[in-house]
Amino acid sequence: YPSKPFENNRFTKPEDKTDFTKLDPYRAKKTAVQLARSKNNEWLPKGKSEAFHRNQTDIFRKLNLLQGSLRAGEVDEEIVKRIQPALNVLGSVADLLSMHNEGKVFRFHYHGLIKHREGMAAWTETLIRDCGVECTGVVFETGWRKRDPYYDGGDHWFGPY
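Residues numbered from 1 in each chain as written. Predicted model: local features only at pLDDT ≥ 70, side-chain atom pairs only at ≥ 80, totals over all residues. Heavy atoms only, no water.

**Thoughts on helix H2 (residues 48-62)**
Structural remark: α-helix, 3.6 residues per turn; residues separated by three or four positions point the same way.
Step number 1: With 15 residues, H2 should cover 21 Å at 1.5 Å per step; its first-to-last C-alpha distance of 21 Å lies within 8% of that length.
Step number 2: At Gln56, H2 is deflected by roughly 35°, the largest bend along its length.
Step number 3: Looking one or two residues past H2, Asn64 carries a phi angle of roughly 55°, positive in sign. (Helix = DSSP H or I, 4+ residues; strand = E, 2+ residues; numbered from the N terminus. Expected span 1.5 Å × (residues − 1). Bend = angle between axes of the 7 residues up to and from the residue.)

**Some remarks on a nonpolar patch on the surface**
Step number 1: Taken together, the side chains of Ile59, Leu63 and Leu65 present a nonpolar region at the surface, about 260 Å² in accessible area.
Step number 2: Structurally, Leu63 is set in the loop between H2 and helix H3 (77-82). (Patch = residues over 30% accessible without salt bridge, like charges linked within 9 Å, V, L, I, M, F, W, Y side chains within 5 Å. Areas by Shrake-Rupley, 256 points an atom, 1.4 Å probe, with all protein chains shown as cover. Salt bridge = Lys/Arg side-chain N within 4 Å of Asp/Glu carboxyl O.)

**Here's the deal with the pairing of strand S2 (residues 105-110)**
Step number 1: Burial of S2 is extensive: five of the six residues sit out of reach of the surface.
Step number 2: In the sheet, strand S1 (residues 94-100) pairs with S2 via six bridges, with the strands oriented antiparallel. Opposite Asp95, over in S2, you have His109 as the bridge partner.
Step number 3: The hairpin turn running from S1 into S2, its antiparallel successor, is four residues long, and Asn101 in that turn takes a positive phi close to 55°.
Step number 4: Relative to strand S3 (residues 137-141), S2 runs parallel, the two being bridged by five bridges. The partner of Phe108 across the bridge, within S3, is Phe140.
Step number 5: Handedness of the crossover joining S2 and S3 through helix H5 (residues 117-130) is recorded here as right-handed. (Buried < 20%, exposed > 50% of the residue type's maximum accessible area, 1.4 Å probe, protein only. Pairing = 2+ DSSP bridges. Right-handed = clockwise from strand over helix to strand, strands pointing away.)

In short, shape yes, function no, at least from these values alone.
Structure representation (structure tokens):
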């Protein structure tokens, strides 16, 4: 295949391009991965990624929705006291955001591993029922986090979220 220029995009200025020919193969791959995973890399104009995410979340603010966001909502303090043993078991893995459907559905901000999210939600539902509180569902919100950066491929550089 014929070699193509590295700055084969409309955003990178020639003076800002990354010269991969001066890097050894290992460093070139690491740099390419960092650029590909960063939010505002040389492939995107500055502010493009932030504008995209802002556009995606505007609907939550316009309609005043809590689901899908990390905004806190209404919490019944009496129920919080009753489920305190379950909250103590969860510790810093999940923070209670709100309660819905007359205190039967609980929303948490989940800080644990994404691969354990569904299992943790089911276990939390059981913990809440064991406290004597009726629970028809638990929702773990993670914000924009869709993967576990520390565990993806052994490479710990993953840019800001």
